[in-house]
Amino acid sequence: MYDKLGEAVLKTEERMEVGVITTPDKHHAEEMQQFLGHKGGNWEWHIERCVTEVLDALETRFYVGKLDGHVITNIMTVEHEGVGILGHVFTRPNQRRKGACKGVMAYQMEDFRQRTGRALYLGTGYNSHPYYIYHSFGFESVYPESGFMKYYVGEDFEERYFAPAPTQPKPVEWHDWPKVTALSGIVGWDALRSLKWSVYGPTNMEGGFLGFKHDLETEDVYEDTKLLTSSDGAIVGWATVSRDERWQPATAVLDLFFHPNFADDVPTLLSAVKFPELKIQCYVDSSAKKKASVLEASGFTCEGQLKNQFAYNGQHYDVLVFARQ
């Protein structure tokens, strides 16, 4: 479905139509696939699917600017229940430096607020020209000197969103994409968050989750995966089990991360995971005391310590290896 939102006057005094394509939309499918075809890989996989089919409850929108009926610029959002990721910001090379992107973004941000949006995340180069464009619309770095940016409609979004509430484990669905980024973006908690996904500290999971979802649907990579969701709809924890073929016989790696407000609920998450008949190992950075205690309570024992195993944000960390047979 296409809805016209209004018009923007470009620096050339051309009047650009601004609208939003809400997917699936087979009428615009071919045009958007061609317009963003340079993205390639998993990005192209998502675009090809979202324009023609429903992906669980994920809301994918393409905010576009048109001249003479043709798309010249785009901003995509993927959202669920007011939490989203903003990406695929692209303007045709011959239409740049006209203010087209900013013209579309003004409508996109207002539409997000009007639809009771709560939080948006994006990734760009820190201190770059795009960084300051996003900053002018209210985005700010998730942590100092970072191109991982956030926009909250209310300053207390995180406090309200991750407030303690009943939880339950669930399988991975498409609409978890932006909510996993909200969880992975929390500051001041474990440094090592996922060995499989190479997540160290607050991280934008825009590309990471998409690759993860692609592997779940097309590859035999994961033994099992579960997410922990609160009754308020937030994703507050993840547990993934993947085979580690470096060893013979193979072992399996458990990646576990959770919001500190929900540490007491993590045993329920782990009990929902179907562990293979292999030795299970979980790598825990030396500052993650709560994760270590949760693992011990769930039958894991510390079998070793790797000194100065990695560095993050100027600090060196030991890694504790927890395991269970």
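So, how was this worked out
Residues numbered from 1 in each chain as written. Predicted model: local features only at pLDDT ≥ 70, side-chain atom pairs only at ≥ 80, totals over all residues. Heavy atoms only, no water. Helix = DSSP H or I, 4+ residues; strand = E, 2+ residues; numbered from the N terminus. Rg over C-alpha atoms; globule rule 2.2 N^0.38 Å. Buried < 20%, exposed > 50% of the residue type's maximum accessible area, 1.4 Å probe, protein only. Contact = heavy atoms within 4.5 Å. Areas by Shrake-Rupley, 256 points an atom, 1.4 Å probe, with all protein chains shown as cover. Lys, Arg positive; Asp, Glu negative; His and termini not counted. Charge placed at Lys NZ, Arg CZ, Asp CG, Glu CD. Arc of directions from axis to C-beta. Pairing = 2+ DSSP bridges. Core = buried A, V, L, I, M, F, W, Y, C linked by side-chain atoms within 4.5 Å. Axes fitted to C-alpha atoms, helices over the stretch in contact; angles between N-to-C directions.

J.: Which parts of the structure should I look at to understand the overall build of the protein?
T.: Scanning the protein from N- to C-terminus turns up nine helices and 17 strands. Against the globule reference of 20 Å for 325 residues, the protein gives a C-alpha radius of gyration of 21 Å, in line with a compact fold. Across its three principal directions, the C-alpha atoms of the protein cover 70 × 35 × 35 Å. Per-residue burial over the protein gives 55% buried out of 325 residues. Restricting to contacts in the protein with at least 6 residues of sequence separation, those with at least 24 account for 61%. Working note: accessible area of the protein is about 14,700 Å², and carbon and sulfur atoms make up 46% of it. Computed over 33 positive and 45 negative side-chain charges, the separation of the two mean positions in the protein equals 2 Å.

J.: Would you mind going over helix 9 (residues 289–297) with me for this structure?
T.: Turn by turn, an α-helix covers 3.6 residues, leaving residues three or four places apart pointing in a common direction. When we look at burial in helix 9, the residues that qualify are Lys-291, Ala-292, Val-294 and Leu-295. Buried positions in helix 9, seen along its axis, are confined to an arc of 165 degrees and lie on one side of it. Across from the buried face of helix 9, at angles greater than 90 degrees, the exposed residues are Lys-289 and Ala-297. Considering only its buried residues, helix 9 is in contact with strand 10 (192–194), strand 14 (251–258), helix 8 (266–272), strand 15 (280–285) and strand 17 (315–324). After helix 9 finishes, the residue Gly-299 shows a positive phi value of roughly 95 degrees.

J.: Hey, could you run me through the pairing of strand 13 (residues 235–244) in this one?
T.: Regular strands place their side chains on alternate faces of the sheet. Burial within strand 13 is extensive, with nine of its 10 residues counted as buried. Bridge count for strand 12 (residues 222–230) against strand 13 is seven bridges, and the pairing is antiparallel. Across the sheet, Leu-228 pairs through a bridge with Gly-237, a residue of strand 13. Here strand 12 hands over to strand 13 after four residues, with Gly-233 in that stretch at a positive phi of 100 degrees. Connecting strand 13 to the next strand, strand 14, in antiparallel fashion are six residues.

J.: I keep staring at the nonpolar core and nothing clicks. Help me out?
T.: In summary, soluble globular proteins display a tendency toward joint burial of nonpolar side chains. Counting 72 residues, the largest nonpolar core has Phe-62, Leu-254 and Leu-256 as the members making the most contacts within it. If we ignore the near neighbours within four places in the chain, the residues touching Leu-254 are Ala-239, Thr-240, Val-241, Leu-270, Phe-275, Ile-280, Gln-281, Cys-282, Tyr-283, Leu-295 and Phe-300. Within the second largest apolar cluster, 25 residues are counted, among which are Leu-120, Tyr-131, Phe-137 and Met-149.

J.: Help me out: how do you make sense of the sheet that holds strand 17 in this one?
T.: In any sheet, the strands associate via hydrogen bonds between backbone groups, in a parallel or an antiparallel arrangement. Within the open sheet, the seven strands sit side by side as 9-12-13-14-15-17-16. Their pairing is mixed. Either end of the sheet is taken by a strand with one partner, and the two such strands are strand 9 (167–170) and strand 16 (301–312). Looking at each pair of strands side by side, their axes are set apart by 25 degrees on average, direction ignored. Here six bridges tie strand 15 to strand 17, and the two strands are oriented antiparallel to one another. Following the sheet pairing, Asp-285 is matched in strand 17 by Val-319. Together, strand 12 and strand 13 form the strand contacts of helix 7 (residues 206–218), whose direction differs from that of strand 12 by roughly 130 degrees.

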